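Okay, here's what each chain looks like letter by letter:
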Amino acid sequence: MGRNRLMENVKMSESQPFIVYGASGSGSVPIEAALELLGLPYRLEEHEPWKGSAETERLAAINPMAQVPAVRLPSGEVMTESAAILIWLADRYPEGRLAPAIGDARRPDFLRWMTFVSSAIYALYWVTDNPSRVLEDAGGHDEIKAKIYRRIESCWALMGEQLAPQNFLLGEEIGVLDLYVATASRWSPDRRRFYEVAPSLAGAIRRTDSDPRLSRLWARRFPFEPGWER
Ligand SMILES: N[C@@H](CCC(=O)N[C@@H](CS)C(=O)NCC(=O)O)C(=O)O
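Residues numbered from 1 in each chain as written. Predicted model: local features only at pLDDT ≥ 70, side-chain atom pairs only at ≥ 80, totals over all residues. Heavy atoms only, no water.

## Details of the domain arrangement of the chain
Then, number 1: With domains assigned, the chain is organised as domain 1 (3-96) and domain 2 (107-212).
Then, number 2: Once you take the C-alpha centre of each, domain 1 and domain 2 turn out to be 21 Å apart.
Then, number 3: The partner domain 2 presents 15 residues to the 18 residues of domain 1 that form the contact.
Then, number 4: For the pair domain 1 and domain 2, the two sides together bury roughly 1200 Å², of which 66% comes from carbon and sulfur.
Then, number 5: At the junction of domain 1 and domain 2, the tally comes to 1 salt bridge.
Then, number 6: Asp91 is the salt-bridge partner of Arg107, the closest N and O atoms lying 3.0 Å from each other.
Then, number 7: Here domain 1 and domain 2 share 4 residue pairs in polar contact (both at pLDDT 80 or more) between them.
Then, number 8: Broken down by element, the side of domain 1 that touches domain 2 gets its largest block of residues, 6 residues, from helix α4 (residues 82-92).
Then, number 9: When grouped by side-chain class, the residues that make up the side of domain 1 that touches domain 2 number 11 nonpolar, 5 polar and 2 charged. (Domains from an automatic or database assignment. Contact = heavy atoms within 4.5 Å. Buried area = accessible area lost by both parts, 1.4 Å probe. Salt bridge = Lys/Arg side-chain N within 4 Å of Asp/Glu carboxyl O. Polar contact = N/O pair within 3.5 Å; in protein donor to acceptor, adjacent residues only side chain to side chain. Helix = DSSP H or I, 4+ residues; strand = E, 2+ residues; numbered from the N terminus. Nonpolar A, V, L, I, M, F, W, Y, C, P; charged D, E, K, R; others polar.)

Laid out in structure tokens, this is it:
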């Protein structure tokens, strides 16, 4: 059975669309991208947690951490945590081949790097997005941000040294790890620095950016701004 037929079957088995609680340029974007690649129906509910207390309250009713992304599964259950959602989607719809299967030799690497992006990199933006969360004195905020951005660069560098990508990060096919890194590497210190510190990952991520099935999504949800290096 061809990939398209399989995707049609997957679609028909889902009566309720997924609801993605997200925002442009946020960690919901790789989830939206995974749903696009899987051909699954979803509805987007826009929440920008940085927009103030009314929005925080609205979001906290969905995710007690008051963060995006969150996803309402067709079962009605709400799931949070970007890495967990991406892994779940790839595992739940294996026909989409967005992750190495449980018995695959690349599975440990897959789980390692999905968790690494979430815990070693993504979690740090809780501080850089609002350094007053850890330091009252605004005079120290630039230093905190600069130091954390150096840390993020060193994490990307380490990933670049340890991974040996083919066309994509874990092999010949695009997967949720590529979507996750393609998104997180657009955040500060930005994609140009990412290419400099982790040049071995550049090819896979550029290919992820230019997958024709995702071009509309990237343009709508996380466009490169003028001056950004592609
Ligand atoms: N561990 C969470 C982190 C989510 C997160 O930090 N989301 C950001 C947007 S990209 C957010 O909602 N920030 C608002 C806040 O933390 O107050 C995940 O991986 O989903």
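Moving on from the model shown.
## A closer look at the packing of aromatic side chains
Then, number 1: Scanning all chains against the criterion turns up 8 aromatic pairs.
Then, number 2: A ring pair is formed by Tyr125 and Trp187, whose centres lie 5.2 Å apart and whose planes are at 70°; its orientation type is edge-to-face. Of the two residues, Tyr125 is situated in helix α6 (residues 125-128) and Trp187 in the loop between α8 (176-184) and α9 (191-197); the sequence distance between them amounts to 62 residues. Trp187 matches Tyr125 in its accessibility class, with the two residues each being buried.
Then, number 3: When the ring of Trp156 is compared with that of Phe194, the centres are 5.0 Å apart and the planes differ by 90°; the resulting orientation is edge-to-face. Residue Trp156 is found in helix α7 (residues 141-162), and its partner Phe194 is found in helix α9; the two are separated by 38 residues along the sequence.
Then, number 4: We classify Trp156 as buried; its relative accessible area is 2%.
Then, number 5: Three or more aromatic residues joined by ring pairs form one cluster here, namely Phe18, Trp88 and Tyr93.
Then, number 6: A cation over a ring is seen here: Arg186 above Trp218, with NZ or CZ 4.3 Å from the ring centre.
Then, number 7: When the ring centre of Tyr195 is taken as origin, the NZ or CZ atom of Arg206, which lies over that ring, is 4.0 Å away. (Phe/Tyr/Trp six-rings, centres within 6.5 Å; stacked < 30°, edge-to-face > 60°. Buried < 20%, exposed > 50% of the residue type's maximum accessible area, 1.4 Å probe, protein only. Lys NZ or Arg CZ within 6 Å of the ring centre and 35° of its normal.)

## Some thoughts on the side chain of Arg191
Then, number 1: The residue Arg191 is located in helix α9 in this model.
Then, number 2: A polar atom in the side chain of Arg191 sits 2.8 Å from the side chain of Tyr195.
Then, number 3: Reaching out from Arg191, the side chain makes a polar contact with the side chain of Asp209 at a distance of 2.7 Å.

## A look at the sheet that holds strand β2 (residues 42-46)
Then, number 1: Pairing is mixed in the open sheet, where 4 strands are placed in the order β2-β1-β3-β4. Looking at which strands have only one partner, the edges of the open sheet turn out to be β2 and β4 (78-80). Averaged over all pairs of adjacent strands, the angle between their axes in this sheet comes to 20°, without regard to strand direction.
Then, number 2: Bridge analysis of strand β3 (residues 70-72) against β4 gives 3 bridges, and the strand direction is antiparallel. (Pairing = 2+ DSSP bridges. Axes fitted to C-alpha atoms, helices over the stretch in contact; angles between N-to-C directions.)

## Things to note about unusual backbone geometry
Then, number 1: In this chain, Val68 is followed by Pro69 through a cis amide linkage whose omega measures 5°.
Then, number 2: Position of Pro69 relative to the elements: it lies in the loop between α3 (53-60) and β3.
Then, number 3: The omega torsion across Ser188 and Pro189 is 10°, close enough to zero to call that bond cis.
Then, number 4: Mapped onto the elements, Pro189 comes out in the loop between α8 and α9.
Then, number 5: With phi around 55°, Ala66 is a residue other than glycine that occupies positive phi space.
Then, number 6: Along the polypeptide, Ala66 turns up in the loop between α3 and β3.

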